[in-house]
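Coordinates in review
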Amino acid sequence: MKIFVLFKHIMRNKILLLATLLLMAGMRSMMARTQYSHADSIKVVQLLQKAGKQKKGTNYMIFFARELRDIPYVAKTLEENKEEWLIVNLRQLDCTTYVESVVALTECMKHGKRTFSDYCDYLRQIRYKGGKIGYPYRLHYFSVWITDNTQMGFVEEVQTPNPPFTRIQDINVDYMTSHPQLYPMLMAHKEWIKEIGKLEKEISGKQKRYIPKNAINNNKACRAAIHDGDIIAIITRKKGLDTSHIGIAVWHKDGLHMLNASQIHKKVVEEPMLLRAYMQKHPSQVGIRIIRVK
């Protein structure tokens, strides 16, 4: 009997050891496909440590969004390589990498994770379909990003009440497959165009409720529908695209503003202009969809 119990104990320990080794191997494999600087890894850890010292109930989406202010805006930081890598770059941000970085940091805090490896793991899951690193799996269209991140349990799209969600967007995307010459990695790997086409078909034909820009007001309905820290996806009229810009909602006394990596300001800013006024300057922008981190 004692020998049998000892045998069970040894086998259980072997299984635990094997599981640990497999987990470590998976982490090493993921990190091996991660491109970052030492400064990036230090910044992530410092941000998480600073967040850990904030008072209970802190809105981490707003906290991290503001902590990343003044970082230079640089477009296409994910397009540097001939093959796809998980790129971590907190020295240069565009509107999408900015929002992804804030969400990844927020997920770390929600789940008590404090290491750079933890951050990279969340970023991978947020940026890629099913968390699989590869150019065809990157969530290039934000509608696909919303769908996948909803399935992963990170976010949910807000669709009510009506008003202010009075309009319906008919999604029809094909910009990447119609303009592959604008995407160097697609031109280098033309076999991926078909895979991107599958992503486009996945979301095309769907309908989503949105708030038209003229209805973005400083009233109870909008304040109840849009919370501080929500992701704002700006809908565009541009053919083949679903959204043209994204940022993070923040209410001021005068109304709704947006934290974003701004091409206009050339850095991450808390936009001094009201979102409604900002959108009035862009005729192609028709309204906003609202995505909430769970």
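Structure first, text after, so check above.
In this report, we go over the structure that sits alongside the text. Remember, predicted model here, so these are calculated numbers, not experimental data.

Attention shifts here to the packing of helix H4 (residues 95–110) against helix H5 (residues 116–127). Where H4 meets H5, the closest approach of the two axes is 9 Å, and the angle between their N-to-C directions is 125°. One element, H4, and the other, H5, form an angle in the oblique class. Crossing of H4 over H5 shows right-handed handedness. Residues Thr97, Glu100, Ser101, Val103, Ala104, Leu105, Glu107 and Cys108 of H4 touch H5, and the partners they reach there are Asp118, Tyr119, Tyr122, Leu123, Ile126 and Arg127.

Below, the discussion takes up the pattern of salt bridges. Where side chains of opposite charge bring their charged atoms close, a pairing between them can arise. Per the stated rule, a full pass over the model turns up 14 salt bridges. With a closest N to O distance of 3.5 Å, Asp70 and Lys267 form a salt bridge. One end of the pair, Asp70, is in the loop between helix H3 (60–67) and strand S2 (86–87); the other, Lys267, is in strand S9 (residues 267–270), and 197 residues separate them in sequence. Note on Asp70: relative accessible area 53%, which makes it exposed. Asp230 is paired through a salt bridge with Arg292; the nearest N and O atoms lie 2.8 Å apart. With Asp230 in the loop between helix H10 (220–225) and strand S6 (231–236) and Arg292 in strand S10 (residues 285–293), this pair connects stretches of sequence that are 62 residues apart. Owing to a relative accessible area of 2%, Asp230 belongs among the buried residues under this scheme. Via salt bridges that share partners, Arg66, Arg69 and Glu270 belong to a single interconnected network.

Attention now moves to the packing of helix H2 (residues 38–52) against H3. For the pair H2 and H3, interaxial distance at closest approach is 11 Å and the crossing angle is 135°. Of the possible angle classes, the one that applies to H2 and H3 is oblique. The hand of the H2/H3 crossing is right-handed. From H2, Leu47, Leu48, Lys50 and Ala51 reach across to H3, where they touch Tyr60, Phe63, Phe64 and Glu67. Of the residues in the contact of H2 with H3, the class split is six nonpolar, no polar and two charged.

Each aromatic ring pair is characterised by the separation of its centres together with the angle its planes make. Taken as a whole and assessed by the stated rule, the structure comprises seven aromatic pairs. Considering the side-chain rings of Tyr135 and Trp192, the 5.7 Å spacing of their centres and the 20° angle between planes classify their relative orientation as stacked. Separated by 57 residues along the polypeptide, Tyr135 in the loop between H5 and helix H6 (142–151) and Trp192 in helix H9 (residues 192–203) bring together distant segments of the chain. Cluster of aromatic residues (ring-pair linked, three or more members): Tyr36, Phe116 and Tyr119.

In the case of a regular strand, side chains alternate between the two sheet surfaces. Here strand S8 (residues 255–262) pairs with S9 via four bridges, running antiparallel. Opposite Ser262, over in S9, you have Lys267 as the bridge partner. Here S8 hands over to S9 after four residues, with Lys266 in that stretch at a positive phi of 65°.

Okay, H4 next. Across its 16 residues, H4 extends 23 Å between first and last C-alpha, which sits within 8% of the 22 Å expected from 1.5 Å per residue. Buried residues dominate H4, accounting for 14 of its 16 residues. The N-cap of H4, judged by a side-chain oxygen 3.1 Å from the amide nitrogen of Thr96 a few residues on, is Asp94. One or two steps after H4, the chain reaches Gly112, where phi turns positive at roughly 70°.

Calculation rules
- Residues numbered from 1 in each chain as written.
- Predicted model: local features only at pLDDT ≥ 70, side-chain atom pairs only at ≥ 80, totals over all residues.
- Heavy atoms only, no water.
- Axes fitted to C-alpha atoms, helices over the stretch in contact; angles between N-to-C directions.
- Helix = DSSP H or I, 4+ residues; strand = E, 2+ residues; numbered from the N terminus.
- Parallel < 35°, antiparallel > 145°, perpendicular 65-115°, else oblique.
- Left-handed = near helix turned anticlockwise from the far one by under 90°.
- Contact = heavy atoms within 4.5 Å.
- Salt bridge = Lys/Arg side-chain N within 4 Å of Asp/Glu carboxyl O.
- Buried < 20%, exposed > 50% of the residue type's maximum accessible area, 1.4 Å probe, protein only.
- Nonpolar A, V, L, I, M, F, W, Y, C, P; charged D, E, K, R; others polar.
- Phe/Tyr/Trp six-rings, centres within 6.5 Å; stacked < 30°, edge-to-face > 60°.
- Pairing = 2+ DSSP bridges.
- Expected span 1.5 Å × (residues − 1).
- Polar contact = N/O pair within 3.5 Å; in protein donor to acceptor, adjacent residues only side chain to side chain.

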